[in-house]
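Examination of the molecular architecture
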Amino acid sequence: MKKYFILGFLLVGFVLSPYLVNAGYSPVHSNAAQGFNFLRRVFSPIVFREVDSLNNVLVSEIMAGKSDNASYEFVELYNPTSELIDLTGWSVKKKSSTGVESTLVSESRLNGKIIPANKHFLLARENWYDGPVVADVLWASSNSLAYENNSVVIYNADDELMEEIAWTEIPADKSYKRISLNNILFRVANNPKPQNSQ
């Protein structure tokens, strides 16, 4: 019985996968247990996560550039909890397609910063981001995101993984936007709307 349930589960995923992708949906990648890695590769719309998203900082929107300014970049965070979150000691990294991590937002730039309860928090690239909403924190202009095959990874002060979001492509002038706090799906949004903590 268990064997047929698993086969049926994978079959549903195989049938629905192209429709979800064509509709602009893509999975959130996370640092899930090794036992889930095979299923994640075979059945991409299913999301496996280790952290409880409703009790942690979330990535809510990412933009990797505009057609007239490829360095116009931001990462929008969201605090879904009823208490403020102190970002002292936290760090935000980017991960390449080969799995190599490097600094995006250094720990020193987040020290003393607070995300109020149920509020957004805007990170943006220094000297290049000139959006209508003021960034809460600017990251070094020498650090950049890629349009394709990149990830944003967030670690707390104890160096524990809080969130990892990966994408295949974020087209210029568009953003990668979370559509559910239940950590299931992101979509490519035609009209990026960054929000800060104010």
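Residues numbered from 1 in each chain as written. Predicted model: local features only at pLDDT ≥ 70, side-chain atom pairs only at ≥ 80, totals over all residues. Heavy atoms only, no water.

Right, let's get into the overall build of the protein chain. Summing up its helical and strand segments, the protein chain has three helices and 13 strands in all. Counting across all 198 residues of the protein chain, residues that qualify as buried make up 45%. As presented, the protein chain carries roughly 10500 Å² of accessible surface, and 54% of it is formed by carbon and sulfur atoms. (Helix = DSSP H or I, 4+ residues; strand = E, 2+ residues; numbered from the N terminus. Buried < 20%, exposed > 50% of the residue type's maximum accessible area, 1.4 Å probe, protein only. Areas by Shrake-Rupley, 256 points an atom, 1.4 Å probe, with all protein chains shown as cover.)

Our focus in this paragraph is the packing of aromatic side chains. Tallied over the entire structure, the rule returns four aromatic pairs. Seen from their ring centres, Y72 and Y129 are 5.1 Å apart, and the 35° between their planes marks the pair as tilted. Of this pair, Y72 sits in the loop between β2 (58-63) and β3 (74-78) while Y129 sits in the loop between β8 (120-125) and β9 (137-139); the two residues are 57 residues apart in sequence, bridging distant segments of the chain. Considered together, Y72 and Y129 belong to a single accessibility category, that of buried residues. Joined through ring pairs, the aromatic side chains of Y72, F74 and Y129 make up one cluster. The aromatic ring of Y72 is capped on one face by K66, whose charged end is 4.3 Å from the ring centroid. (Phe/Tyr/Trp six-rings, centres within 6.5 Å; stacked < 30°, edge-to-face > 60°. Lys NZ or Arg CZ within 6 Å of the ring centre and 35° of its normal.)

This next bit is on the environment of D159. Along the chain, D159 turns up in the loop between β10 (148-155) and β11 (161-169). As for D159 and G89, which are separated by 70 residues in sequence, their C-alpha atoms are 8.5 Å apart.

It is worth spelling out the pairing of β10 at this point. Burial of β10 is extensive: six of the eight residues sit out of reach of the surface. In terms of strand pairing, strand β5 (residues 91-95) meets β10 through five bridges, oriented antiparallel. Pairing of K95 across the sheet is with S151, part of β10. (Pairing = 2+ DSSP bridges.)

Attention shifts here to the pattern of salt bridges. For the coordinates displayed, the defined rule picks out six salt bridges. Measuring nitrogen to oxygen at the nearest pair gives 4.0 Å for the salt bridge that ties E101 to K95. K95 gets classed as buried once you look at its relative accessible area, which sits at 18%. When the shortest N-O distance is used, the salt bridge between E126 and R109 registers 3.4 Å. (Salt bridge = Lys/Arg side-chain N within 4 Å of Asp/Glu carboxyl O.)

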